[in-house]
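# What the coordinates show
Residues per chain, in single letters:
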Amino acid sequence: MTLRFLFEKDKIFGYVKGPLIFSLLFLIASISLFVCGFFYRYMFAFSCLLFLPSVLLFVTAIRGYKRYGRKITVDEQGVTVYTAKEKAFHCYKYNKYNAKRHIIKLDYAGGSNNRIESFHKECLVLYRNMELYEGMEYRDYWNDKNILIIQNPEAIAEVEKYIS
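## Comments concerning the pattern of salt bridges
As enumerated under the stated definition, the model contains five salt bridges in all. Close ionic contact of Glu122 with Arg101 constitutes a salt bridge, the shortest N to O distance being 3.4 Å. On the criterion of sequence distance, the pair formed by Glu122 in strand E6 (residues 115-127) and Arg101 in strand E5 (residues 98-110) is long-range, its members being 21 residues apart. Where Arg139 meets Glu137, a salt bridge forms, and the shortest distance between an N and an O atom there is 2.8 Å. Its relative accessible area of 42% is what places Arg139 among the partly exposed residues.

## With respect to the sheet that holds strand E2 (residues 71-74)
Spatially, E1-E2-E3-E4 is the arrangement adopted by the four strands of the open sheet, whose pairing is antiparallel. Each having just a single partner strand, strand E1 (4-5) and strand E4 (88-93) make up the two edges of the open sheet. Relative to strand E3 (residues 78-82), E2 runs antiparallel, the two being bridged by four bridges. Across the sheet, residue Lys71 finds its bridge partner in E3, namely Tyr82.

## As for unusual backbone geometry
In this structure, Glu86 takes a positive phi of about 60° despite not being glycine. When you line up the elements, Glu86 lands in the loop between E3 and E4. In this structure, Asn129 takes a positive phi of about 55° despite not being glycine. Mapped onto the elements, Asn129 comes out in the loop between E6 and strand E7 (147-150). Classification of Asn129 by relative accessible area gives exposed; the value is 71%.

## Regarding the pairing of E4
The pairing of E3 with E4 spans five bridges and is classified as antiparallel. When the bridges of E4 are listed, Tyr82 appears paired with Ala88. Once E3 ends, the chain turns through five residues before running back antiparallel as E4, passing Glu86 with a positive phi of about 60°.

## Notes on helix H3 (residues 153-163)
Along H3, the residues that are buried comprise Ala155, Ile156, Glu158 and Val159. What you see down the axis of H3 is that its buried residues fit within an arc of 165°, all on one side. Pointing more than 90 degrees away from the buried face of H3 are the exposed residues Glu154 and Lys161. The N-terminus of H3 is capped by Asn152, whose side-chain oxygen sits 3.2 Å from the backbone nitrogen of Glu154.

## Quick look at the side chain of His90
Position of His90 relative to the elements: it lies in strand E4. Separated by 3.2 Å, the side chains of His90 and Tyr97 make a polar contact. The residues contacting His90, other than those within four sequence positions of it, are Val79, Thr80, Val81, Tyr97 and Lys145.

## Re the nonpolar core
Of all hydrophobic cores here, the largest spans 29 residues; its most connected members are Ile72, Val79, Ile104, Ile147, Leu148, Ile149 and Ile150. For this core, the elements supplying multiple residues, two or more each, are E2, E3, E5, E6, E7 and H3. Element by element, the count of residues in this core is highest for E6, at five residues.

Definitions and cut-offs
All residue numbers here refer to positions counted from 1 along the written sequence of the relevant chain. With pLDDT at 70 or above as the cut-off, local features in this predicted model cover only qualifying residues; side-chain atom pairs require 80 or more to be listed or tallied, and sums for whole chains, interfaces and linings still use all residues. Note: side-chain values were computed over all heavy atoms of the structure, leaving out hydrogens and water. Think of a salt bridge as a Lys or Arg side-chain nitrogen and an Asp or Glu carboxyl oxygen that are within 4 Å of each other. What counts as a helix is a DSSP run of H or I of at least four residues, what counts as a strand is a run of E of at least two, and both are numbered from the N terminus. Note on exposure labels: buried denotes an accessible area under 20% of the residue type's maximum, exposed denotes more than 50%, and partly exposed covers the range between, all computed with a 1.4 Å probe on protein chains only. Whether two strands pair comes down to DSSP finding at least two bridges between them. Directions drawn from the helix axis to the C-beta atoms are what define this arc. Think of a polar contact as two N or O atoms within 3.5 Å of one another; within protein, one of them needs to be a possible hydrogen donor and the other a possible acceptor, and neighboring residues in sequence only count if both atoms come from side chains. The criterion used for residue contact is that any of the two residues' heavy atoms lie within 4.5 Å. Nine residue types can take part in a nonpolar core, namely buried Ala, Val, Leu, Ile, Met, Phe, Trp, Tyr and Cys, and a core is a set of them joined through side-chain atoms within 4.5 Å.

Here it is, written out as structure tokens:
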């Protein structure tokens, strides 16, 4: 059993790469201005103002990786989801969940200007105690244990071997 990402790698690192690069640039700038700020108090104040956005961008990058960096293992019993730190999160047994391909709205940070853009993609959804509806968004269900949305085509093919 190998760990596979729930989402395609390029989509995952699109979320993390932009905010992480900007947070590091802000952090380096604020530290350099902080050092210079010992001599000029205005630079010290400006470095403190730069430090807050760097921390916020870093937290955004970490939250994006936690949400989209989850991995799964697939076997004949079901799908086990792991957190980004590879700790078991939840096990989805095939006999307790329904499986269906469904169009899901996903957000993606990337592209030419690193903006967050939305797109719709057919995903494999394992669900119970609910009905799938048109216009479902991944961000509404990413931490719900009654539903699992798999976007990675390799992972979908592996799961479909066992459910069909």
